[in-house]
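For reference, the chains in residue letters:
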Amino acid sequence: MTNLLDVKALDAFYGDFQALFGIDFSISAGETVALVGANGAGKSTFLRSLTGLVPDRNARIVFNGLNLGGLPAYRIAREGIAMVPEGRRLFPSLNVEENLLMGTDSGRKGAWSLEKVFSLFPVLRDRRNQKATSLSGGQQQMVAIGRALLSNPLLLLCDELSLGLAPVVIEEIYAAVPQIKADGCALVIVEQDVRRALDMSDRVVCFLEGHLALARETREVSFDVVSAAYMGKA
Ligand code: ATP
């Protein structure tokens, strides 16, 4: 099977500081990869590199047959990579529906519509006319996910979906994952909690200080092995 995304030897820099070192990565259509690693390991930088938001990167990144090298972020979005960024980045002056519809800027057609997002997260239908900032953290996360889905991505990158949310809300957010996968969308989800990462993924990848420390099929790997890689004790 050909991969949806193939990354070879990705380095990323912030000025003189090197954040990623020679990362090889691939994902196939419909696959879910959990990306784990300690604070500062480079997880966000990796996602941002894939979406063209870290300009200082060297790599061969081939997505759906297209070399993404040098393409600006808006073009990459149009090719079908969407991101749910850390901190959600909603537009505070816009209401829920307006924030969601920003996702349609990609111009991509597909299964996701406003109605479908409202059926995934019904609370957003009730709040559609409220300012995004009046929502709870979990509801704002749902808006960020819905906005990304409305770009009808082939690959959805999620940075720390559970950050700062109560356990019951985290469950609610993760309950949406199977429905997102059902349309064949591939997912990379950054997750600090190793158990949760193992629960929801087909494959688990761990970064350690900017290096790839582990990449395995989830069913072939134990909690202890992933935890050891996470802490640099593998
Ligand atoms: P976290 O869980 O804290 O978000 P992370 O694994 O996502 O961690 P990154 O945010 O990718 O890690 O950071 C990787 C390294 O790059 C860290 O050492 C961080 O300090 C550095 N870094 C991240 N963003 C910038 C930036 N804009 N300018 C300079 N250095 C940065």
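This text goes with the structure placed above it.
Residues numbered from 1 in each chain as written. Predicted model: local features only at pLDDT ≥ 70, side-chain atom pairs only at ≥ 80, totals over all residues. Heavy atoms only, no water.

Description of the packing of helix α6 (residues 137-149) against helix α7 (residues 167-174)
Line of reasoning, step 1. Look at α6 against α7: their axes get within 10 Å of each other, and the N-to-C directions meet at 20°. Regarding the angle of α6 to α7, the classification is roughly parallel. With respect to the hand of their crossing, α6 and α7 are arranged in right-handed fashion. Of α7, the residues touching α6 (which contributes G138, Q141, M142 and I145) are V169, E172 and I173. (Axes fitted to C-alpha atoms, helices over the stretch in contact; angles between N-to-C directions. Helix = DSSP H or I, 4+ residues; strand = E, 2+ residues; numbered from the N terminus. Parallel < 35°, antiparallel > 145°, perpendicular 65-115°, else oblique. Left-handed = near helix turned anticlockwise from the far one by under 90°. Contact = heavy atoms within 4.5 Å.)

Section: the sheet that holds strand β9 (residues 203-208)
Line of reasoning, step 1. Spatially, six strands are ordered β6-β7-β8-β3-β9-β10 in an open sheet, and the strand pairing comes out mixed. The two strands at the open ends of the sheet, each matched to only one other strand, are β6 (81-84) and β10 (211-217). For this sheet, the mean inter-axis angle between neighbouring strands, taken without regard to orientation, is 15°.
Line of reasoning, step 2. Of the strands in this sheet, β6 and β7 (155-159) touch α6, which is tilted by about 175° from β6. (Pairing = 2+ DSSP bridges.)

Regarding the sheet that holds strand β1 (residues 5-14)
Line of reasoning, step 1. A sheet is described by the order of its strands in space; here four strands give the open sequence β2-β1-β4-β5, paired in antiparallel fashion. Of all the strands in the sheet, the pair left with one neighbour each is β2 (17-27) and β5 (66-67).
Line of reasoning, step 2. Note that β1 and β2 share seven bridges and pair antiparallel. Looking at the pairing, L10 lines up with I23 of β2.

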